[in-house]
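Observations on chain architecture
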Amino acid sequence: QLTMSLNSPTLLNEENSQGPKRNTECLESLELQSPSSFQDNPLQRLQLASQEVLEKAKKSGRSKCPRCSSSRMFYCYTCFVPVETVPIKEIPTVKLPLKIDIIKHPNETDGKSTAVHAKLLAPDDVTIYKYPCIPEYEEKRHEVALIFPGPDSVSVKDIAFHLQKYTKRSICDDDCSREPCCKQAKREPKEEEKNLNECISSNSSEGTRLKKIIFIDSTWNQTNKIITDERLQGLLQIELKTRKTCFWRHQKGKPDTYLSTIEAIYYFLVDYHQEILKENYKGQYDNLLFFFSFMYTLIKKAKCAGKE
C-alpha cells in the first residue's frame, strides 16, 4: 500500500500576487482537489511558535529577498531565506535527530514546493539538491535510508534491524564477545532472525545508527526518473504510516494519503522519535509545519469566504 506522495504543487507566493481574482480561481480548483481532511483542522493541535510575524508580512504584501532582491511572500524559495519583512530571528529553528537530504526534480517549480520549509526551519540539518546533482551514497548505505513506498519498503520501527544488511560486520562483531551471529553455524531462518534481533536489542546505541534520511521532492508521476537512478539503488527504503494530507493542492486523482514533502518529513520524524529513539513525543518537530500550517489556515479561510 502506498502511504505517501513525494511533493505536489503548492500555492505559496502565487496566491497573493493577483489579488481576489487569483484567489477565486485557486479556490475553484480546490473544490475538486481538496482532501477529505481539509474540512477540519488537524494542525490546530501543533505546538507552534507565534505566527504573528507571518500575519504582519501578509498585511505588508510581497517583499524583497535580502540576497537576490526578488519579490516574494514570506521567504525566497531560491535562496532559502526569509524576505525583509520576516526577520530571521522571529522564525523558529528546529534541531533534527539526523540529517535530511531532499532531492528535487528539475521540473518541480521552485515556488510550488514545500521542501523549502524544511531548509528554512532546520537549516543546519537539511540540504536540498536539484537532480541530477546528488551525492554518492553507496559507501554510506549502512547509515542512510530513503523514504519511498514500494514492495521492499520497511516500517520505521524496523529500520534498525534492516540496516544490519548494509554493515560489513554484524553488530555482534563489535559488541559481543561471542562469535558474530552472521558467522555462526547455519540455523533455521527463524532462529537466525531471533539471534540477530537479540544482537540489535543489546546494542545501546542502535537508535542513532541511522544518520541520514533522503526524501524525493516531486509529483508522483515524476518520481520514476529519480528513484531508478543507480546512485539510489540498494538503499533501505522506508514507508510511512498511513496518514491523510492537509495539502491544499493535492495531486488530482491520487489518494489523500499522498503527503506533501514537508508533511512526510514531519511525520517521519515523529515516528522516528517514538519508534527508534523510544522517547515520548512532545512537539519537538511541530515547528517544521510553521509555514505549512499558516498557509493551510489562509487557504481555508479564503475558501470559506468564497462560499459566503
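These numbers come from a predicted model, not from an experiment. (Residues numbered from 1 in each chain as written. Predicted model: local features only at pLDDT ≥ 70, side-chain atom pairs only at ≥ 80, totals over all residues. Heavy atoms only, no water.)

1. Regarding the confidence of the model for the protein chain
When the pLDDT values of the protein chain are averaged, the result is 77; 68% of them are 70 or greater. In this model residues 1-39 is a low-confidence stretch, pLDDT under 50, and it forms 123 contacts with partners more than four residues away in sequence or in other chains. A low-confidence stretch, residues 200-208 (pLDDT under 50), is modelled with 14 contacts involving residues beyond four sequence positions or located in other chains. (pLDDT = per-residue confidence, 0-100. Contact = heavy atoms within 4.5 Å.)

2. Thoughts on the nonpolar core
Ranked by size, the top nonpolar core spans 60 residues in total, and within it Phe74, Ile100, Ile213, Phe268 and Leu288 carry the most contacts. For this core, the leading source of residues is helix α9 (residues 261-275), giving nine residues. Formed jointly, this core draws a minimum of three residues from each of two domains, domain 1 (59-88) and domain 2 (92-168 + 208-307). (Core = buried A, V, L, I, M, F, W, Y, C linked by side-chain atoms within 4.5 Å. Buried < 20%, exposed > 50% of the residue type's maximum accessible area, 1.4 Å probe, protein only. Helix = DSSP H or I, 4+ residues; strand = E, 2+ residues; numbered from the N terminus. Domains from an automatic or database assignment.)

3. Concerning a negative patch on the surface
Among the surface-exposed residues, Glu136, Glu138, Glu139 and Glu230 lie close enough to one another that they form a single negatively charged patch. Within the secondary structure, Glu230 sits in the loop between α8 (223-227) and β9 (236-238). (Patch = residues over 30% accessible without salt bridge, like charges linked within 9 Å, V, L, I, M, F, W, Y side chains within 5 Å. Areas by Shrake-Rupley, 256 points an atom, 1.4 Å probe, with all protein chains shown as cover. Salt bridge = Lys/Arg side-chain N within 4 Å of Asp/Glu carboxyl O. Lys, Arg positive; Asp, Glu negative; His and termini not counted. Charge placed at Lys NZ, Arg CZ, Asp CG, Glu CD.)

4. A look at the packing of aromatic side chains
Within the structure shown, the criterion is met by seven aromatic pairs. Summarising the aromatic geometry, the rings of Phe215 and Phe268 are spaced 6.2 Å apart at their centres and angled 75° between planes, so their arrangement reads as edge-to-face. Taken together, the positions of Phe215 in strand β8 (residues 212-217) and Phe268 in helix α9 put the pair 53 residues apart, joining distant regions of the chain. Taken together, the aromatic side chains of Tyr75, Phe290 and Phe291 make up a single cluster linked through ring pairs. Here the basic side chain of Arg72 rests over the ring of Tyr77, its NZ or CZ set 4.0 Å away from the ring centre. (Phe/Tyr/Trp six-rings, centres within 6.5 Å; stacked < 30°, edge-to-face > 60°. Lys NZ or Arg CZ within 6 Å of the ring centre and 35° of its normal.)

5. Regarding the pairing of β8
Along a regular strand, successive side chains alternate from one face of the sheet to the other. Of all six residues in β8, five are buried; the element is thus mostly enclosed. Strand direction decides the pairing type here: strand β5 (residues 99-104) and β8, joined by six bridges, are parallel. By the bridge assignment, Ile103 is partnered in β8 with Ile216. Both strand β7 (residues 144-147) and β8 contribute to a ladder of three bridges, which runs parallel. The residue of β8 that forms the bridge with Leu146 is Ile214. (Pairing = 2+ DSSP bridges.)

6. Digging into the pairing of β5
Among the six residues of β5, five are classified as buried, and the element is accordingly described as predominantly covered. Pairing of β5 with strand β6 (residues 126-130) involves five bridges; the strand directions are parallel. Looking at the pairing, Asp101 lines up with Thr127 of β6.

7. Digging into the environment of Asp125
Locating Asp125 in the fold gives a position in the loop between α4 (115-121) and β6. Among the residues examined, Asp125 registers a relative accessible area of 3% and is labelled buried. A C-alpha to C-alpha distance of 8.9 Å links Asp125 and Val94, two positions 31 residues apart in sequence. Beyond its immediate stretch of four places on either side in the chain, Asp125 contacts Val94, Lys95, Leu96, Leu98, Lys99 and Ile100. At a separation of 3.3 Å, a polar atom in the side chain of Asp125 contacts the side chain of Lys95. (Polar contact = N/O pair within 3.5 Å; in protein donor to acceptor, adjacent residues only side chain to side chain.)

8. Details of the sheet that holds β5
Strands sit in the order β6-β5-β8-β7-β9 across an open sheet of five strands; the sheet is parallel. Each having just a single partner strand, β6 and β9 make up the two edges of the open sheet. Between one strand and the next, the sheet's axes are offset by a mean angle of 30°, whatever the strand orientation. The strands touched by α9 within the sheet are β5, β7, β8 and β9, with β8 carrying the most contacts at an inclination of about 155°. (Axes fitted to C-alpha atoms, helices over the stretch in contact; angles between N-to-C directions.)

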